[in-house]
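# What the coordinates show
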Amino acid sequence: MTTAGTAPAKDPQRRAAWAELATDYVHEHGLIGLSLRPLAAELGTSNRVLLYHFGTKDQLVADVLRTSNERSVAEVAALEPSKDLRSAVHDLWSVMEGDRCSWIYVEAAALGLFGREPYVSAVQEANTLWIAGLIAHLNKSGVEPAVSERAAHVIDAAFMGFQLSQGPDGSLPERARSVDDLADAVAALA
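Bear in mind the structure is a predicted one, so any value in this text is a computation, not a measurement.

### Considering helix α6 (residues 100-112)
When the terminal C-alpha atoms of α6 are compared, their 18 Å separation across 13 residues agrees well with the 18 Å that a helix rising 1.5 Å per residue should span. Taking burial as the measure, the 13 residues of α6 include 10 buried ones, the bulk of the element. Those residues of α6 not exposed but buried are C101, S102, I104, Y105, V106, E107, A108, A109, L111 and G112. In this structure, the buried residues of α6 make contact with α1 (12-29), α4 (57-78), α5 (85-96), α7 (119-140) and α8 (145-164).

### What about helix α3 (residues 47-54)?
By the burial criterion, the buried members of α3 are N47, L50, H53 and F54. For α3, the angular spread of buried residues about the axis comes to 125°, placing them on one side. Contacts made by the buried residues of α3 are with α1, α2 (36-43) and α4. At the exit of α3 stands G55, carrying a positive phi of roughly 90°.

### Considerations on the packing of aromatic side chains
Counted according to the given criterion, the structure contains three aromatic pairs. Where F159 meets F162, the ring centres are 6.3 Å apart and the plane angle is 35°; that geometry is what we call tilted. Taken as a pair, F159 and F162 lie in helix α8 at a separation of three residues, close to a single helical turn. Taken together, the ring pairs in this structure connect W93, F159 and F162 into an aromatic cluster.

### A short note on the environment of L182
The topology assignment puts L182 in helix α9 (residues 175-187). Distance from L182 to T45, taken between C-alpha atoms, is 46 Å for residues 137 residues apart in sequence. Apart from the residues within four sequence positions on either side, L182 is in contact with V89, V154, A158, F159 and F162.

Here is what the cut-offs are and how they apply
- Along every chain, residues carry numbers that run from 1 in the direction the sequence is written.
- Where totals are concerned, whole chains, interfaces and linings use all residues; where local detail is concerned, this predicted model gives features only for residues with pLDDT of at least 70, and gives and counts side-chain atom pairs only at 80 or more.
- Calculation of side-chain values draws on the structure's entire complement of heavy atoms; hydrogens and water are dropped beforehand.
- Numbering goes from the N terminus for both helices and strands, where a helix is a DSSP run of H or I of at least four residues and a strand is a run of E of at least two.
- By definition here, a helix of n residues has an expected span of 1.5 Å times n minus one.
- Summary of the burial criterion: residues with accessible area below 20% of their type's maximum are buried, those above 50% are exposed, and those between are partly exposed, where the area comes from a 1.4 Å probe applied to protein chains only.
- It only takes one pair of heavy atoms within 4.5 Å for two residues to be counted as in contact.
- Note that the arc is computed from the directions linking the helix axis to the C-beta atoms.
- Pairing of aromatic rings covers Phe, Tyr and Trp, the last counted by its six-membered ring, and requires centre-to-centre distances within 6.5 Å; plane angles under 30 degrees mean stacked, over 60 mean edge-to-face, and any other angle means tilted.

Pasting the structure below:
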């Protein structure tokens, strides 16, 4: 119940549901150039109501980035243990390849490079969770912890390079060979 002149309490369940739906929308339409009016229309509400629940467009974007990253980390966590470090690279790439979550991350990271918030903070948070997810998968696959951490950073950097070097049609010439080469290089860390 509210008193005169005060806004009703924000609904965290509605906000979480809208963050999920907004993430789906951003996966389809992209993050750069995101406009609240078309997003709100897609969600069946108004941009003013979205701002009421999220506070600012930046906070909505931060929630979308967080939700998107959580989806990717959950996919990695759901992987069965890999048989060895080399196959782990291929198993992890199967999650990353063509994943809309990683594309949203790339867009956010590009904006974060210019020091723009919420991108800087959201990308730093995403990096921490993503690397932890990679390390957890490698550990689950029997890789020594010290090697897991080194390998996770190499894998992450290479995967990001693969994402950034794709052509406008989404293809990466020689990608399969590049993933094989990465798998060989990472396996050599053990």
